[in-house]
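# Geometric and topological summary
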Amino acid sequence: MRRTNLLSGIEEEPQRCIKMQRSSGALACMVNAEVGAVLAVMRRNARWSGRYVAGDDQFEHALIHSLKVLRRSIFSWQQPWHKIHPSLYLSPFLDVIHSDETGAPITGVALSAVYKILSLEVFDLKTVHVDEAMHDIVEAVTSCRFEVTDPASEEVVLMKILQVLLACMKNQASKMLTDRDVCLVVNTCFRVVHQAVTKGELLQRTARHTMHEIVRAIFAHLPDLVPSLKLLTNYGVESASSNGIDTEECAVDSHIQDSSTCATDCLVTCNGGVDPTDPVMRVTVEPYGIVGIVEIFRYLCSLLNIVDSGMVSGQNLLAIDEDVPLFALGLINSAIELGGQSFGCHPELLAFVQDDLFRYLMQLGLSMNPLILSMVCSIVLNLYHHLRRHLKLQLEAFFSCVIVRLAQGKFGATYQQQEVALEALVDFCRQPTFMPEMYANLDCDITCSSIFEELGNLLSKSAFPVNCPLSPMHILALEGLTAVIHSMAERTNSVAAVSLPTIPNYGETLEYTKFWTIKCESYKDPKCWVEFARRQKYIKRRLMTGADHFNRDPKKGLEFLQGIRLLPEKLDPQSVACFFRYTTGLDKSLLGDFLGDPDEFCLQVLAEFAKTFDFQDMSLDAALRTFLETFRLPGEAQKIQRVLEAFAERYYEQSPQILADKDAAFVLAYSLIILNTDQHNLQVRKKMTEEDFIKNNRNINCGQDLPREYLSELYHSILRNEIKMSYDSGGICEMTPSRWVGLIRRSQNSTPYIICDSRPLLDYDMFSIISGPTIAAISVVFDYAEDDDVLKTCVDGFFAVAKVSATHHLEDVLDDLVVSLCKFTTLLNPTASVEEPVIAFGDDTKARMAAVTVFNVANKFGDYIRMGWRNILDCILRLHKLGLLPSRVASDAAEEPDTIADSAHGKPVTGGPSVVPAPQAGARRRSSGLMGRFSQLLSLEAEEPRSQPTEQQRAAHERTLRTIEDCCIDNIFSESKFLQADSLLQLARGLIWAAGRPQKGTGSPEDEDTAVFCLELLIAVTLNNRDRIMLLWQSVYEHIAGIVQTTVVPCLLVEKAVFGLLRICQRLLPYKEDLAEELLRSLQLILKLDARVADAFCERITQDVMQLVRANAGHIKSPMGWRTVSSLLSITARHPEASEAGFEALSFIMADGAHLTQANYVLCLDAARAFAESRVGGIERSLRALDLMAESVKCLGRWSKATCEDSETGSHTREESIKQSQEVGEMWLRLAQGLRKVCGEQREEVRNYAVLSLQRSLSAAESMHLLSTIWSQCFEQVVIVMLDDLLEIALGHSPKEYRSMETTLHHAMKLVSKIFLQFLDHLSLLSGFRALWLSVLTRMGRYMKAKLRGKGSDKLQELIPELLKNMLLIMHARGVLVQRSTLGGDSLWELTWHHVQEISPSLQADLFPQMEIDNFKEVAVAAQPGAAMEFGLGEANGNGVSRPAAATNEAVDCAIEEAGAGAGDRQPWET
């Protein structure tokens, strides 16, 4: 119990007692108490209890006397304690401690007194002569001597020595200690540690703990020191390999006298042996600083030197005492933790770290002891944290030769070593900047190993369980991989704020440059060093490829390098030599043969190759080792000679100190090769001795002998360390002494270490390298894992991979990830039944986690998914087939109220129930929706009896439903409007691919269900992306067209296709005017429907077309678009169910000319004529259609008027006005032709109404400015043809077929008479007027002679003469029909009366009985133009032909009406 309290007291000592304001009396009492305690213990011993009689003048021992004097004087001091010299109250105690006459109990009490004074801070930095006091304490305690009476008391004293020394170092006044004092403290503590090995466990633990605390206290002082170049020589701490503290000399027996003697021998006084207590010299003693710390650190590093001869293998480490190195590693780790970055501020310390420390760490890293390996890795991690700027090549060597070597389990590494190495690697991977810095500094350096790639491959391979279950090692490797990926994912958060450098294509722009001379302009500017690093990495990859080619064929390899512009077109020795020097992976045997070749170019390359080495200040054997590390020395003697000659020349050039010329260097190098073979070849039995070696090298230095010591040193160096001929062409596997020397020399000239920050400057390059192995490794672990924590780690890793892939636009990587995740969902696995996969999915945690992950990835990073959409859609289709998808998945998220059909009129809603007959009972579709499957599972009304589901099945099903809900599958389609263009296009193509090719005939119900579902999703995606419809339209249209054109029977798929197409047009026409023509053209697919399909859906198609027209009539502007619409409407005219909606749509367009345009006028006329001719809808609808046609002439009048106004205002040129007038006239002519065709309708009412409508339309032309050619065409193509057609019908058909044809002919004659007279002034000006007039007379004659079988034939016979009479009178009155003298007898007058004679022979006599009077009137009218106005006949023109007056048309109408009234009774509808 007492020992435990002592230990805990030392452990709690860092928490200093609270310093209180104490009076001088209180301090005196405290010191007095300690004096009394020491005296009391001394009096127990009979040796000190009596009078001392050594001399007559002394009655007490000096130690007791000094204590009593202190006791008498302590209360008499009047001045404050900080002005009292501490030696006055410390000396008596220190004398007791230093005395070799006192026993262990007395020394222990004195040490306790000093510890109390230190811990209570009786003196501090403000106390006078505090430096002397601290020095005295250290001097006395470190040279403590006492008599050992029993082992227990000895351990107590040793523990109190440690206690006092630790208090000294933690006291504020410790800053006043000198370098020598601090070194003495460390040395003494270490001796106690070593002695404690044979003592009790408490002392061992206390000593080690104290040593750690002292080292921490010393190196915590390092950041406060100013860098110094002063070196400490010949004092302080001696290294473990020197004559100071040796492991054997430090072992002391139980007598303290021997210990003190050892301590005295181990210490050398500072400043060349000058006594620091000398008052003169004390002035020059400085507080401890960098000099002492350097020596202490050197001493700690020397404790790691387990084999003085150099590196040893892991097997040899088993035979050494690992306790000292392990303890030293802990001390060094503490020093680095406290010193931190301050090591880099002091060149002396940094040099030890770079060389000695790391060299020893490389040795111990191969230790079989996992504790040592773990501590080594911890130290390297600390060094990386604080000093990585200065340890670039050292870190490379450590990872190549230790971590990778052990973690791979090669070279006899145990499982424990492998696990510790992998744990250390994972710790490094958890540092956010570790991997980026390894890549930037090592992978992108052509002279270094690709550590990042090696570590990435190591982790990915270590995560793969090969023919074994998942182990902690695999999980550990997975953690390392995911740590790297998570670091990249965290750095992606700064992508928005930092513009990533573009990735240049060096293959196209790179010109030949001496790659070994490329430098970075600035390592502080990321733009510069990132570009430099990428270029170096590109060159390094090409060099590695070139090395592969060289290993197969050296000549072709060099040609390949010329082709990729890494060597000049014309090879030069320097470029080839640098390729050999700086390229890893070359076959060293081939390289040696090339360098030893006698060819002149090869010799030049060899000379340049030797110049790439720096042998400055290197011994001959070290230089030779470095030289031969780079290639395999050829076996041919002449080649060896050439190689060694080049080496000798270079070595002599740089190190000519001892050698007289290069020949001496050559001979000695050759001798070393022979010696190496002799000493290390097992076949050589008689080995060369040192004397033999010296004898063989006599007189080689220009006839002189080399120094014996020099040759002896070379001999022993070769004897201890073989010059190993390396065969490997890959990375370094073992760190030899020569390689280490070369590494240190390279580090002096290496490029600066690049420090990476939180920006993902090189993450694109790094992730491109490790993404594939990472996905594979995570997938394998996910497949093997059963633990929830491991599964979650994998899922987090998957998501981090997705995030990084999306950030850096690595679409292929994201696709690979999606493929892997989809496999784990088990949704793609075909199963027999329906219920089994639902329950199995609910019970499979891994599958559910994978499903949620893949759909979350799709929702969040869908912008960068390409071919992966197909796998995602496969999963969605599987869920659809199982009935597990929410019903909203295929709905259009962008639905608008105005697109819903108007149900107020009882019309079906677009997209409503299909008119296709329901499938047969055997092919019943499964219910959809989340609860659909559950209801089926619980249904008791199934066709086959099934048992109630168990509670486990219910729970599994509920888990399945919750999982599907968490997947948010509907968001993929509803939020597709935010996808990037490429991803959206791939999603659409994926849906088309998933739907499969449409097949003629009926496929399986399951295939049709899939195709329908995919089509619904495709339409939803299309509608959600109306702003980017051009991107999708071609694919969507081709898919729908394939369905429409291959379907021959009505089915749900073609229904969805047709009405989906109509829906797209309805929704997009208002927003995409530039696409309106394309959208409307697509509706022509409906015209290509099979007759059976079209008949089944005609009514709904018409309703949708009507809605489209109502909502988008103003957006349909092209003739092609209107042609499509009118064609669809025309088809409905003869469909019983669809005609009403079709006519309503047509009425909406044509009524009042609201939506009639020049683009759709003719098309609408054709559609209206189709409705007029159709018997569907009855006579009433036909008459309404004729009204639409007749009323449309008002639009023509408006357009004609607008053309005239534009011409008058100058808005249009004359040519443009003529063209527009021509267009209006042609449309009017098409109207007349359309009505003319209806005039032949079989139904009496429609036929007669068509004639009247034609008359109205022709009469309305009065307000239009038509070209003369139009009038000629109108009579020729419309009026005359109508008369002929009607007469042919009347004569060729029985009255039963065409009832009341007489009435129709009656109206036709009146139409001809009225129109002819109404536009007589226009017609009379035509060049073909004579032929036109004669044609009219001819038809009237035919009508007159026609023998009709109806009742009203007599009325027609009466009407024609009356009409002709009026026509002749008006023509004569207007001066059109007048008698003129002609020689040939073919004047209009004569021809007219010739035809009139055939119609009514008495008509001429009745009209003109007195031709003389008529002639007189004609002459009078011709002589006096104004006289014609008096007769009301018109106005004469300059040619003698009269023009009608304004009132003439009314007169004509009255005349015709009178003639008609006289010919027969009028029908009621004729008005």
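Residues numbered from 1 in each chain as written. Predicted model: local features only at pLDDT ≥ 70, side-chain atom pairs only at ≥ 80, totals over all residues. Heavy atoms only, no water.

### Quick notes on the overall build of the protein chain
Scanning the protein chain from terminus to terminus reveals 67 helices and 2 strands. Counting only residues that meet the buried cut, the protein chain has 54% of its 1471 residues in that class. Put simply, 77% of the contacts in the protein chain that link residues at least 6 apart link residues at least 24 apart. Put simply, the protein chain shows about 65200 Å² of open surface, and 51% of that area lies on carbon and sulfur atoms. (Helix = DSSP H or I, 4+ residues; strand = E, 2+ residues; numbered from the N terminus. Buried < 20%, exposed > 50% of the residue type's maximum accessible area, 1.4 Å probe, protein only. Contact = heavy atoms within 4.5 Å. Areas by Shrake-Rupley, 256 points an atom, 1.4 Å probe, with all protein chains shown as cover.)

### Notes on the pattern of salt bridges
Under the definition given, this model contains 44 salt bridges. We note a salt bridge from D323 to R208, for which the minimum N-O separation is 2.5 Å. Of this pair, D323 sits in helix α15 (residues 323–339) while R208 sits in helix α10 (residues 201–220), placing them 115 residues apart in sequence. In this structure R208 comes out as partly exposed when scored by relative accessible area, which is 22%. Residue R1169 pairs with E1173 through a salt bridge whose shortest N-O separation is 3.0 Å. Of this pair, R1169 and E1173 both sit in helix α53 (residues 1161–1173), separated by 4 residues, roughly a single helical turn. (Salt bridge = Lys/Arg side-chain N within 4 Å of Asp/Glu carboxyl O.)

### Structural notes on the nonpolar core
By size, the foremost hydrophobic cluster in this structure holds 463 residues, and its most contacted members are F219, F580, I872, F973, W1228, F1316 and W1333. At 13 residues, helix α58 (residues 1268–1292) tops the list of elements feeding residues into this core. Setting aside anything within four residues of it in sequence, one finds F580 in contact with F550, L586, L591, F594, L595, V605 and F609. (Core = buried A, V, L, I, M, F, W, Y, C linked by side-chain atoms within 4.5 Å.)

### Digging into helix α37 (residues 811–824)
With 14 residues, α37 should reach 20 Å at 1.5 Å per residue; the first-to-last C-alpha distance of 20 Å fits that figure. Taken from the residues just after α37, T826 is the one with a positive phi, measuring 65°. (Expected span 1.5 Å × (residues − 1).)

### Topic: the packing of aromatic side chains
One pass over the full model with this rule turns up 48 aromatic pairs. Judged by centre distance (6.4 Å) and plane angle (50°), the rings of W77 and Y89 are tilted. With W77 in the loop between α4 (62–73) and α5 (87–98) and Y89 in helix α5, this residue pair connects regions lying 12 residues apart in the sequence. For the ring pair Y1161 and W1199, a centre distance of 5.7 Å and an interplane angle of 80° mean the geometry is edge-to-face. Placement of the pair is Y1161 in helix α53 and W1199 in helix α55 (residues 1193–1209), with a sequence separation of 38 residues. Across the pair, exposure class does not vary: Y1161 and W1199 are buried alike. Among the aromatic residues, those joined into a ring-pair cluster are F609, F613, F615, F627, F631, F647 and Y651. Above the face of the Y1071 ring, R1026 is positioned so that its terminal group lies 3.7 Å from the ring centre. Between R1100 and the ring centre of F1059, over which it is positioned, the NZ or CZ distance is 3.7 Å. (Phe/Tyr/Trp six-rings, centres within 6.5 Å; stacked < 30°, edge-to-face > 60°. Lys NZ or Arg CZ within 6 Å of the ring centre and 35° of its normal.)

### A closer look at the packing of helix α46 (residues 1029–1046) against helix α47 (residues 1052–1068)
For the pair α46 and α47, interaxial distance at closest approach is 9 Å and the crossing angle is 150°. Our classification of the angle between α46 and α47 gives roughly antiparallel. Helix-helix and strand crossings are classified by hand; for α46 and α47 the assignment is left-handed. Taken together, the residues of α47 that come into contact with α46 (itself represented by I1029, W1033, V1036, I1040, I1043 and V1044) are L1053, V1054, A1057, V1058, L1061, I1064 and L1068. Here the residues of the contact of α46 with α47 sort into 13 nonpolar, no polar and no charged. (Axes fitted to C-alpha atoms, helices over the stretch in contact; angles between N-to-C directions. Parallel < 35°, antiparallel > 145°, perpendicular 65-115°, else oblique. Left-handed = near helix turned anticlockwise from the far one by under 90°. Nonpolar A, V, L, I, M, F, W, Y, C, P; charged D, E, K, R; others polar.)

### What to know about the side chain of Q1255
Position of Q1255 among the secondary structure elements: in helix α57 (residues 1244–1259). For Q1255, a relative accessible area of 16% translates into the label buried. When neighbours within four sequence positions are excluded, Q1255 is seen to be in contact with L1311, K1314 and I1315.

### Some words on the side chain of K160
With respect to the helices and strands, K160 occurs in helix α8 (residues 151–170). For the buried K160, which has no salt bridge, the nearest side chain bearing the opposite charge is E34, at an N-O separation of 8.7 Å. A distance of 2.8 Å separates polar atoms of two side chains, one belonging to K160 and the other to S112. Among residues more than four places away in sequence, those in contact with K160 are G108, V109, L111 and S112. (Lys, Arg positive; Asp, Glu negative; His and termini not counted. Polar contact = N/O pair within 3.5 Å; in protein donor to acceptor, adjacent residues only side chain to side chain.)

### Re the environment of I1101
Its place among the elements puts I1101 in helix α50 (residues 1091–1112). Residues I1101 and L1062, 39 residues apart in the sequence, show an inter-C-alpha distance of 8.0 Å. Among all residues touching I1101, those that are not within four sequence positions of it are V1058, F1059, L1062, I1086 and L1089.

### Regarding the state of the cysteines
Summed over all chains, the structure comprises 0 disulfides. C822 carries a free sulfur, and the closest cysteine sulfur to it, the one in C875, is 3.8 Å from it. (Disulfide = S-S within 2.5 Å.)

### Concerning helix α7 (residues 130–142)
Between its first and last C-alpha atoms α7 spans 18 Å; for 13 residues at 1.5 Å apiece the expected length is 18 Å, and the two agree. Among all positions in α7, only V130, A133, M134, H135, I137, V138, A140, V141 and T142 are buried.

### Examining the packing of helix α21 (residues 451–462) against helix α22 (residues 472–491)
For the pair α21 and α22, interaxial distance at closest approach is 7 Å and the crossing angle is 140°. Taken together, the axes of α21 and α22 are oblique relative to one another. As for the relative orientation of α21 and α22, their crossing is left-handed in sense. Residues G456, L459, S460 and S462 of α21 form the contact with α22, whose own contacting residues are M473, H474, A477, G480 and L481. A breakdown of the residues in the contact of α21 with α22 according to their chemical character gives 4 nonpolar, 5 polar and no charged.

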